[in-house]
Amino acid sequence: MNKFFKINRKKIITVSVILIALLAVAMIIYYRNKSSDSKDKDEIGKVDIRTIVNSVSGTGTVKSISTTDINSSLTGSSIKEIKVDVGDIVGPGDVVCVMDTTNEENQIKDLENQIAEAKKTQQDSQQAVNDASISAKATADATASSAASSYNDNISRLNDLDARIGTAQGELQAAKDDLATTQAKYDQAIKDGTISDDPLKEGTDGKYTKYVQYQTVLQSKNQTVTLRQANVDNLTNQRNTIAATIATQSQAAGVQAPANLFSGTGNTSTGIQNSTINLLNAQIKSLQNRIDMAMIKSPVAGTVTEIDSSKGGVYLGGSIVVVEATDSLQIVSSVDEYDIPDVSVGMKAKIKTDATRDDILDGTVTFIAPKASSTASSSGSLSSILSGSASGMDLSNLGSTGSASYEVRLSLDTPSSRLRLGMNSKISIITKTRENVLTVPFEAVKTRNNGTKYVVLRKVVDDKDGNKKVIKKNVTIVTGIEGTNYIEVLDGKIKNGDEVILAKHDTENSVEDLMNMMGSDAGI
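Calculation criteria
- Residues numbered from 1 in each chain as written.
- Predicted model: local features only at pLDDT ≥ 70, side-chain atom pairs only at ≥ 80, totals over all residues.
- Heavy atoms only, no water.
- Helix = DSSP H or I, 4+ residues; strand = E, 2+ residues; numbered from the N terminus.
- Buried < 20%, exposed > 50% of the residue type's maximum accessible area, 1.4 Å probe, protein only.
- Contact = heavy atoms within 4.5 Å.
- Areas by Shrake-Rupley, 256 points an atom, 1.4 Å probe, with all protein chains shown as cover.
- Core = buried A, V, L, I, M, F, W, Y, C linked by side-chain atoms within 4.5 Å.
- Pairing = 2+ DSSP bridges.
- Axes fitted to C-alpha atoms, helices over the stretch in contact; angles between N-to-C directions.
- Polar contact = N/O pair within 3.5 Å; in protein donor to acceptor, adjacent residues only side chain to side chain.
- Phe/Tyr/Trp six-rings, centres within 6.5 Å; stacked < 30°, edge-to-face > 60°.
- Salt bridge = Lys/Arg side-chain N within 4 Å of Asp/Glu carboxyl O.
- Expected span 1.5 Å × (residues − 1).
- Arc of directions from axis to C-beta.
- pLDDT = per-residue confidence, 0-100.
- Patch = residues over 30% accessible without salt bridge, like charges linked within 9 Å, V, L, I, M, F, W, Y side chains within 5 Å.

Draft legend 1. Region of interest: the overall build of the chain. A tally of regular secondary structure across the chain gives seven helices and 20 strands. Relative to its 524 residues, the chain shows a buried fraction of 34%. Within the chain, residue pairs in contact and separated by at least 24 positions form 77% of the contacts whose partners lie at least 6 positions apart. Accessible surface, the chain as shown: approximately 30900 Å² in total, 51% of it carbon and sulfur.

Draft legend 2. Quick look at the nonpolar core. Counting residues in each nonpolar core, the largest one holds 20 residues, and the members touching the most others are Leu158, Tyr186, Ile195, Val225, Leu235, Ile242 and Ile246. Among the secondary structure elements, those contributing two or more residues to this core are α3 (147–192) and α4 (207–253). With 11 residues, the single largest contributor to this core is α3. Counting 18 residues, the second-largest nonpolar core is a separate cluster that includes Met347, Ile351, Leu361 and Val408.

Draft legend 3. Molecular detail of the sheet that holds strand β4 (residues 79–82). In spatial order, the strands read β4-β6-β7; together these three strands make up an open sheet with antiparallel pairing. Looking at which strands have only one partner, the edges of the open sheet turn out to be β4 and β7 (295–297). Neighbour to neighbour, the strand axes of the sheet diverge by 25° on average, direction disregarded. Note that β4 and strand β6 (residues 95–99) share three bridges and pair antiparallel. By the bridge assignment for β6, Ile82 is matched with Cys97.

Draft legend 4. Region of interest: the side chain of Thr356. Position of Thr356 relative to the elements: it lies in the loop between β11 (348–352) and β12 (361–368). Under the relative-accessibility criterion, Thr356 is labelled buried at 3%. Polar side-chain contacts of Thr356 include one of 2.6 Å to the side chain of Thr353.

Draft legend 5. Region of the structure containing the sheet that holds strand β5 (residues 89–90). As summarised here, the arrangement of the four strands in space is β3-β9-β8-β5, forming an open sheet in which the pairing is antiparallel. The open sheet has two edge strands with one neighbour each: β3 (67–70) and β5. Inspection of the sheet shows β5 paired to strand β8 (residues 302–307) by two bridges, in the antiparallel sense. The residue of β8 that forms the bridge with Val90 is Gly302.

Draft legend 6. Local environment of the packing of aromatic side chains. All told, the structure shown has two aromatic pairs when counted by the stated rule. Relative to Tyr211, the ring of Tyr186 has its centre 6.3 Å away and its plane inclined at 35°; by these criteria the two rings are tilted. Taken together, the residues span a long stretch of sequence, with Tyr186 in helix α3 and Tyr211 in helix α4 at a distance of 25 residues. The class of Tyr211 is buried, set by a relative accessible area of 18%. On the basis of an interplanar angle of 65° and a centroid distance of 5.7 Å, the ring pair of Tyr186 and Tyr214 is categorised as edge-to-face.

Draft legend 7. Molecular detail of the pattern of salt bridges. What the rule picks out here adds up to 14 salt bridges. When the shortest N-O distance is used, the salt bridge between Asp162 and Arg239 registers 2.2 Å. Of this pair, Asp162 sits in helix α3 while Arg239 sits in helix α4, placing them 77 residues apart in sequence. The class of Arg239 is buried, set by a relative accessible area of 1%. A salt bridge links Glu488 to Arg434; the nearest nitrogen and oxygen atoms lie 3.8 Å apart. Taken together, the residues Glu488 in strand β19 (residues 486–492) and Arg434 in strand β15 (residues 424–441) connect sequence positions 54 residues apart. On the basis of relative accessibility, which here comes to 34%, the residue Arg434 falls in the partly exposed class.

Draft legend 8. View of the environment of Leu111. Looking at where Leu111 falls in the secondary structure, it is placed in helix α2 (residues 102–142). For the pair formed by Leu111 and Gln283, sequence separation is 172 residues and the distance between their alpha carbons is 7.9 Å. Apart from the residues within four sequence positions on either side, Leu111 is in contact with Leu280, Gln283, Ile284 and Leu287.

Draft legend 9. Layout of helix α5 (residues 275–292). The terminal C-alpha atoms of α5 lie 25 Å apart, and with 18 residues this matches the ideal 26 Å at 1.5 Å per residue to within 8%. Every buried residue of α5 is listed here: Ile277, Leu280, Ile284, Leu287 and Ile291. Viewed along the axis of α5, the buried residues span an arc of 85°, placing them on a single side of the element.

Draft legend 10. Summary view of the confidence of the model for the chain. Scored by pLDDT, the chain has a mean of 79; 80% of the residues are at 70 or more. Contacts for the low-pLDDT stretch residues 263–269, under 50 throughout, to residues beyond four places or in other chains number 13 contacts. Contacts for the low-pLDDT stretch residues 376–400, under 50 throughout, to residues beyond four places or in other chains number 47 contacts.

Draft legend 11. Focus on the environment of Arg290. Relative to the assigned elements, Arg290 resides in helix α5. For the pair Arg290 and Ser73, spaced 217 residues apart in sequence, the C-alpha separation works out to 8.5 Å. Those residues in contact with Arg290, other than ones at most four positions away along the chain, are Ser73, Leu74, Thr75, Ser77, Thr101 and Glu104. A distance of 3.0 Å separates polar atoms of two side chains, one belonging to Arg290 and the other to Glu104.

Draft legend 12. Seen up close, unusual backbone geometry. The phi dihedral of Arg357 falls on the positive side, at around 55°, and the residue is not glycine. Position of Arg357 relative to the elements: it lies in the loop between β11 and β12. If you check the backbone angles, Asn436 has positive phi at about 55° while not being a glycine. As for its position among the elements, Asn436 is in strand β15.

Draft legend 13. Seen up close, a nonpolar patch on the surface. Together, Val15, Ile18, Leu19 and Leu22 make up a nonpolar patch on the protein surface, roughly 390 Å² of accessible area in all. Mapping Ile18 onto the fold places it in helix α1 (residues 2–40). The exposure class assigned to Ile18 is partly exposed, which follows from its relative accessible area of 47%.

Below, the structure is given as structure tokens:
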């Protein structure tokens, strides 16, 4: 019995293998016939009247029309407090940051002490002049016989001091002018960015080294001005003492004092208008201006989108807070150098984002950069995409060819509350439009070796026996602008409603599938 089961099991296995083989052969024959039928069947398109557009496609980013970097001129100061957080809404004049002014306040106290000492010295000098005048008068009364001789000597000394004071004042003014010129050059260099107080920005052109050199020169020139002023003050005090003596001598000798005794080059203020005190007051004013600038205020209304500094840190320049207008948005994109000549300001565009779902937003080109950016293009032209598809190229890296690209900005003519800063978008800038023109599907157009273009016209007619018969005929055409899916026909013996044969595809993805990024094939 075991032998019987072994024999039957072998037969069952053999029969099963034969059945499976026959089934496989049948399936192969079936799918071959089906594939052959599919290949023999023409794909048909229609000649139609439609509006066709030519466009440049790419990607972009939602950005604010107004972006303000808020900074300060108080480089080297510590940041006492940041008054805002990311997401806060601010208005013009709102305080966003407070700088620490302890150093400036201490310097002002020191300068005020110097002014007090200068005033005391000035008062003592004036008292000495008064005392000398009184003493001279007493001496003149007691020694009237020698007054005339002493008077003439003092007149000579007075004239000599007048000349020296004139020279000293000229030197003082020259020193002030030199300081002002150097200060102006320093201010312009700071403004132009050719020098920097940040050691990290030294660079090959020595920005920080030049800054230190400027500081040394300015300090030296300030010291020169102070010394020149002290010389003028010293000579003036000597002159005032001699002038008081001459006045007393003139009265005692019965002669008229010189007209320039208390006028002319030697007549300078000995009160609080003294140049030394004025210079200290000017320094206090400068420090007070820094204190007043410690309250960093926003010049515009908007939303805080970035904070680049922190409490307690040393401010070395640059942005402290970034404020952007979130209610005024635009799209910033880049267009490849191949396509940029076709784009101009004022052209309309279609914009799509993930946030706005299936809604297609309208836009307008508002700005085209005059100079190429350094980044590779993220846009793709119609012709480059189609040539890539026809040659079996990989389109996954389309646009990243390393070629030059140009920044293009587009206004958002269709407002949407769903948009946010930094969102990505797809754009299609309409460069040409033809309305109500004769068109054929792009895949119906073929090109001969001589460059002429044609389509294969398909007509179904009845033969003499009444059977349907398909007639195919090559018809030469002249094409116009090209859209994504259709091409304009300028001339050719075809008409609206005619059928044309489309090129066959070996893959499931058509050019239309690749290009239909905007979600619409109407007229494109």
